[in-house]
Amino acid sequence: MIAKPAPSRSARRQARAAADTSSPQYKWIVLSNTTLGVLMATINGSIMLIALPDIFRGIGIDPLQPGNTSLLLWLIMGYLVVTAVLVVSFGRMGDIYGRVRMYNAGFAVFSVFSVLLSVTWMHGTAAALWLILMRVAQGVGGAMLMANSNAIITDAFPADQRGLALGLNQVAGIAGSFMGLVLGGLLAPVEWRLVFLVSVPFGVFGTFWAYWKLHDTGIRRPARLDWWGNLTFAVGLISVLVGITYGIQPYRGHTMGWTNPVVLAALIGGVAVLVVFGIVETRVAEPMFRMSLFRIRAFTAGNLASLLSGMGRGGLMFILIIWLQGIWLPRHGYGFEQTPLWAGIYMLPLTVGFLVAGPVSGWLSDRFGARPFATGGMLVAAGSFVLLALLPVDFHYGTFAAILLLNGIGMGLFASPNRAGIMNSLPADQRGVGGGMSTTFQNSAMVLSIGVFFSLMILGLASSLPHALSSGLVAQGVSAADADRLAALPPVSVLFASLLGYNPLQTLLGPAALAHLPAGHAAYLTGRGFFPALISGPFSTGLTTAFGFAIVACLIAAVASWLRGGKYVHTDLPTAADVSAAPGAPEPVAAHVTTARPGPVVVASAPPPAAPVATRAGPLDGRPRPAPEAALGAYTLVVTAPGYRPALYAMTADGNRPSAAVDAGPRTNGRITGLVYGAAPDSPLPGAALRAVGPRGTVLAYALTGDDGRFQLPGLPHGLSPAPTDEAPRSPRGVQARPDGAALHLKLDGTRS
């Protein structure tokens, strides 16, 4: 008796992958895991906004001191900048090395640096620099997660369910940015390190869960990394985003730094490097940034709409936080130290709107396309910004909550169909880089929006705040010197004081100036009424300007969204890297043949043993061609669909030779037409994949069923002659295509989930 060798670790993983991916529940496991990853990444993008006062108190830094302003900004913006820069690179690496592999590494990297953020042992500037560096490294993990999650979902779900799946994932990501506000307000007062530690259990769980349960079912195309493209893109985009970050800081006697030579050099130089990047990408064989994807109208219009939507929405969070923390909450009885938590709570209607509209619009877009819902969502969002602009600074909360809900519904209506429309438009082997490009537009829009919104707010405040501060303080007994000192402070200091939930005048005046005032005057100046009333007028001016920009951005986004065209799902043709079987394909289950008319193709009564599906020749002259087969006279028809067990048929091509003499080599002039049914009777199955596989595992033809379940499988053997396996296929001169293929009606076993 001969003992069989134990299966290798790779073989065991392939067997487990086959069992997992053939399960109807697999796509929901994918959605659950990727939603957890994106939710964790976006929560961490906003959780620090509310926790910053406690973090700075914990490390012993006053962020409002002029020298510390840049530390404050980089703690806020560093994570956003690094994710915006790296998502395309990691998406491209996912296309090359495996999306699940990159995604899983993102979970691990994110978790490690979350721990390192919480173990800060230093104080002062050194501690702040440590936090910034660890935050940037955490952003690397976040970029890995965000770059590949949408592509993994698109690989796992059929085209008629992607809108719902991507919608749920997208809404979770947007909702996470608002959930972070509440979590930061709850955890930071207890212990600021909890702000970073809260994601560690989820990150560790997600890492092991993704490693065990997620598998690369997408198409991998081996290629070299585009190092020059990566370098020029990173340098250019970082320069632009750094320029924007420092542009909203004061410079010498100016309220902002847009005239700072360093800022101008960063902006102009960054744009110039990005132009060089564009030239590089048109010259290299395997570019990082696929410029050719912009020839797809649905991709281009969807990303333009996403960029404009992000610019309209991105700065909204900051403006609403300042509005609530600096003015409304103090005027309604909340202490300044309480405002960070309550600002997050009072903004929950915005999250509710996202959660309600996102999945519904995603599901509807699967049936009717992205255009009506994405366009309508932007129009609704523009209307909500009009209502916010008309709202008085001291509003009634019920009205405010209703407008926030409307804004969330509009953004939710837009986000899910738009992302589904973008991902559906991509070729299967470009989903990683295409999804990364889309996320880059979205994350860059956030940084651009913060720069634009802050600039508009500062311009509005600069025109009237100095006089209001000076006259108001002098009227309460503050010395003219102290009043002029505060009036001369850049408006960004007042905005940051409000954003951080500090008692603004107590912080800005300082204990020495307050000690010279009568107790009643000092209490009034530092109370909940004086400062909010003082800045309400100037703030209202800046608010109207900022909302005007958001209205224009949303209206242009609506136009861009409408120009995407009707419902569009990219259908891939087979290439050298396109077609591979699921790892460790399970034992096939025979499909039912309900109708088979006589023709040159004969359906066998039982499927042959499963053969590995691997490609041996790539596209020639831009068109897919089969690899040479030695004496090909039979092939296997493989039928797969998400949620169903795969089925195989043994096919023969007897009596299918042309009369004309032709060159040696396989001929690809036949075709099969037919219909694929799902488990339910008379239920056509859209999105099912059919592959004709030769004896050596070569994919001869490939097709997907349409919305009506029908397919046409071209490129099948029509005239066959022996050919060496190392000879490239030649052009089939003298052979005419014959349209009379066999009509097959196939029914898959399994349960749709």
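Residues numbered from 1 in each chain as written. Predicted model: local features only at pLDDT ≥ 70, side-chain atom pairs only at ≥ 80, totals over all residues. Heavy atoms only, no water.

*Asks:* Looking at this structure, how should I read the overall build of the chain?
*Replies:* From N to C terminus, the chain includes 22 helices and nine strands. For the chain, the proportion of its 753 residues judged to be buried stands at 57%. When contacts within the chain are restricted to residue pairs at least 6 apart in sequence, long-range pairs at least 24 apart make up 83% of them. In the structure as shown, the chain presents an accessible area of about 29100 Å², 65% of it carried by carbon and sulfur atoms. (Helix = DSSP H or I, 4+ residues; strand = E, 2+ residues; numbered from the N terminus. Buried < 20%, exposed > 50% of the residue type's maximum accessible area, 1.4 Å probe, protein only. Contact = heavy atoms within 4.5 Å. Areas by Shrake-Rupley, 256 points an atom, 1.4 Å probe, with all protein chains shown as cover.)

*Asks:* How do you make sense of the environment of W228 when you look at a structure like this?
*Replies:* Position of W228 relative to the elements: it lies in helix 9 (residues 227-247). In this structure, the C-alpha to C-alpha distance between W228 and F277, residues 49 residues apart in sequence, is 8.0 Å.

*Asks:* Explanation requested: the nonpolar core in the structure shown.
*Replies:* Generally speaking, nonpolar side chains in soluble globular proteins are found buried as a group. The biggest cluster of nonpolar side chains holds 164 residues, and the ones touching the most others in it are L131, W323, L324, F385, L388, F400 and L473. Ranked by the residues each element gives to this core, the list is headed by helix 2 (residues 26-59), at 16 residues. The residues contacting W323, other than those within four sequence positions of it, are W328, L388, L391, P392, V393, F395, F400, F539, L543 and F547. Membership of the second largest hydrophobic core comes to 18 residues, among which are L637, I672, A703 and L713. (Core = buried A, V, L, I, M, F, W, Y, C linked by side-chain atoms within 4.5 Å.)

*Asks:* Would you mind showing me how to read the pattern of salt bridges here?
*Replies:* Inspection of every chain in the model, using the stated rule, returns five salt bridges. Here R193 ties to E191 by a salt bridge, and the two come within 3.5 Å at their closest N and O atoms. Here D394 ties to R331 by a salt bridge, and the two come within 3.9 Å at their closest N and O atoms. Highlighted residues: D394 in the loop between helix 15 (371-390) and helix 16 (397-424) and R331 in helix 12 (residues 316-331), separated in sequence by 63 residues. With relative accessibility at 36%, the residue D394 sits in the partly exposed group. (Salt bridge = Lys/Arg side-chain N within 4 Å of Asp/Glu carboxyl O.)

*Asks:* Can you walk me through the packing of helix 9 against helix 17 (residues 431-475) in this structure?
*Replies:* Helix packing for two helices is described by the angle between their axes and how far apart those axes are. Two numbers describe how helix 9 lies on helix 17: the axes approach to 9 Å, and their chain directions differ by 25°. Relative to helix 17, the element helix 9 is oriented roughly parallel. Contact residues: F233, L237, L241 and I244 in helix 9; T440, S444, V447, L448 and G451 in helix 17. Broken down by class, the residue content of the contact of helix 9 with helix 17 amounts to six nonpolar, three polar and no charged. (Axes fitted to C-alpha atoms, helices over the stretch in contact; angles between N-to-C directions. Parallel < 35°, antiparallel > 145°, perpendicular 65-115°, else oblique. Nonpolar A, V, L, I, M, F, W, Y, C, P; charged D, E, K, R; others polar.)

*Asks:* Any chance you could explain empty space enclosed by the protein here in plain terms?
*Replies:* Any space left empty among the atoms is revealed by the rolling of a water-sized probe across them. One pass over the full model with this rule turns up nine cavities of 30 Å³ or more. Around the largest cavity, the lining comprises 28 residues; the ones closest to its centre are T42, G173, Q442, N443 and M446. Going through the elements one at a time, helix 2, helix 3 (69-97), helix 5 (124-156), helix 6 (162-187), helix 11 (297-314), helix 12 and helix 17 are the ones with two or more residues in the lining of the largest cavity. Residue classes in the lining of the largest cavity are distributed as 12 nonpolar, 14 polar and two charged. (1 Å grid on protein atoms, 1.4 Å probe; cavity = no way out; pocket = protein on both sides within 12 Å on 5 of 7 lines; lining within 4 Å. Points joined across faces, edges and corners; volume = space filled by probe spheres on them.)

*Asks:* Just checking my understanding: could you explain helix 4 (residues 99-118) for this structure?
*Replies:* Structurally, the α-helix is built with 3.6 residues per turn, so residues lying three or four positions apart point the same way. With 20 residues, helix 4 ought to run about 28 Å at 1.5 Å a step, and its terminal C-alpha atoms sit 29 Å apart, in line with that. R99, V100, M102, Y103, N104, G106, F107, F110, S111, S114, L117 and S118 are the residues of helix 4 that are buried. Buried-residue contacts for helix 4 involve helix 2, helix 3, helix 5, helix 7 (194-197), helix 8 (200-213) and helix 17. (Expected span 1.5 Å × (residues − 1).)

*Asks:* How should I be thinking about the packing of aromatic side chains in this particular structure?
*Replies:* Geometrically, a pair of aromatic rings is defined through the distance of the ring centres and the angle of the planes. What the rule picks out here adds up to 25 aromatic pairs. Here the guanidinium or amino end of R135 rests over the ring plane of Y79, the centre of that ring lying 4.5 Å away. (Phe/Tyr/Trp six-rings, centres within 6.5 Å; stacked < 30°, edge-to-face > 60°. Lys NZ or Arg CZ within 6 Å of the ring centre and 35° of its normal.)

*Asks:* How should I be thinking about helix 9 in this particular structure?
*Replies:* With 21 residues, helix 9 should cover 30 Å at 1.5 Å per step; its first-to-last C-alpha distance of 30 Å lies within 8% of that length. Buried residues of helix 9: G229, N230, T232, F233, G236, L237, V240, L241, G243, I244, T245 and G247, and no others. Against helix 3, helix 10 (261-281) and helix 17 lie the buried residues of helix 9.

*Asks:* Would you explain the side chain of N260 in this entry?
*Replies:* Within the secondary structure, N260 sits in the loop between helix 9 and helix 10. Note on N260: relative accessible area 17%, which makes it buried. Polar contacts involving the side chain of N260 include one to the main-chain amide nitrogen of V262, which spans 3.0 Å. (Polar contact = N/O pair within 3.5 Å; in protein donor to acceptor, adjacent residues only side chain to side chain.)

*Asks:* Quick question: what am I supposed to make of the confidence of the model for the chain here?
*Replies:* Note: predicted coordinates in regions of low pLDDT should not be interpreted at a detailed level. With 78% of its residues at a pLDDT of at least 70, the chain reaches an overall mean of 75. Highest mean pLDDT in the chain belongs to helix 15 (93); lowest belongs to strand 2 (residues 602-603) (30). Within the model, the stretch residues 573-632 combines pLDDT values under 50 with 144 contacts to residues more than four positions away or in other chains. A low-confidence stretch, residues 654-669 (pLDDT under 50), is modelled with 51 contacts involving residues beyond four sequence positions or located in other chains. (pLDDT = per-residue confidence, 0-100.)

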